[in-house]
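If you want the building blocks of each chain, they are given just below.
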Amino acid sequence: MTNSTMTKYDFTDVISFYNDELVKAGEVYISEGNQGGKVRGINGKLYETIAMMICMLVNKNLVIKHNDYIKIASRSGKYFIKKQVDLHCYLRGELVLIIECKTYLDNSMLDRAISNFQLIRKHRKITTDKVLPCAIFTGQKCINDETFMWQKEEEPFDEFVVNSTPNRNSKLPLHETLDPLDINKLQQFADYVYNIVGNS
């Protein structure tokens, strides 16, 4: 379990939420045997909520949207698809940061995130010449370094692996190990958000 320590930001609520959700996931697994993927559902929302809580610690003026589908035109302009990642962060009406959140990150998940980053960035270029910051916020990684760096070179993004045990072992799920969050990584993520949005 994660214990609170003194940092630039007070992560007490983040840590309490994380610890409580892991305990809840463990109880669900014991009582229901993960029927219907309930543990996966709890863990799936866990890192989204943590990332959102940290963003709001940094700047309470952010508007963070989920299921914020962006309509993107084909090259001809005749056809449209809708794309989004987990968290779209707006400041004074402008999209300033997008974040994909995962309990653990594997190659297929990264592929999908990269594709969405590319499309959303391309769409955003229509309205501004700034490069939209894109981040992956994940508990653990399950991807080799070569593949990870290849993807990062293809479409730059920032990544934050926030558990104390950064590499996933499928035989040691988080609800069993209660692996703590890495406070330094939470701080790095908060600093990253601050460098983009400030606190006003």
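Basis of the calculations
Residues numbered from 1 in each chain as written. Predicted model: local features only at pLDDT ≥ 70, side-chain atom pairs only at ≥ 80, totals over all residues. Heavy atoms only, no water. Buried < 20%, exposed > 50% of the residue type's maximum accessible area, 1.4 Å probe, protein only. Helix = DSSP H or I, 4+ residues; strand = E, 2+ residues; numbered from the N terminus. Pairing = 2+ DSSP bridges. Phe/Tyr/Trp six-rings, centres within 6.5 Å; stacked < 30°, edge-to-face > 60°. Lys NZ or Arg CZ within 6 Å of the ring centre and 35° of its normal.

## Here we look at the pairing of strand E5 (residues 94-106)
Stage number 1. Of all 13 residues that make up E5, 11 are buried, and the element is covered over most of its length.
Stage number 2. Pairing geometry for strand E4 (residues 87-91) and E5, over 5 bridges, is antiparallel. The residue bridging Cys89 from the neighbouring strand is Leu97, located in E5.
Stage number 3. Hairpin connection between E4 and E5: a loop of 2 residues separates the two successive antiparallel strands, and Arg92 in this loop has a positive phi of roughly 50 degrees.
Stage number 4. Strand direction decides the pairing type here: E5 and strand E6 (residues 134-142), joined by 8 bridges, are parallel. Across the sheet, the residue bridging to Asp106 is Cys142, located in E6.

## Digging into the packing of aromatic side chains
Stage number 1. Summed over the entire model, instances satisfying the criterion amount to 8 aromatic pairs.
Stage number 2. Ring centres 5.2 Å apart and planes at 70 degrees place the aromatic pair Phe160 and Phe189 in the edge-to-face group. Note that Phe160 is positioned in strand E7 (residues 158-161) and Phe189 in helix H6 (residues 183-197), a separation of 29 residues in sequence. No difference in accessibility class separates Phe160 from Phe189, as the two residues are buried.
Stage number 3. Counting every residue linked through ring pairs, the aromatic cluster contains Phe137, Phe160, Phe189 and Tyr192.
Stage number 4. Lying across the ring of Phe80, Lys71 places its NZ or CZ 4.7 Å from the centre.
Stage number 5. Looking at Arg168, its charged tip hangs above the ring of Tyr104, at a distance of 3.6 Å from the centre.

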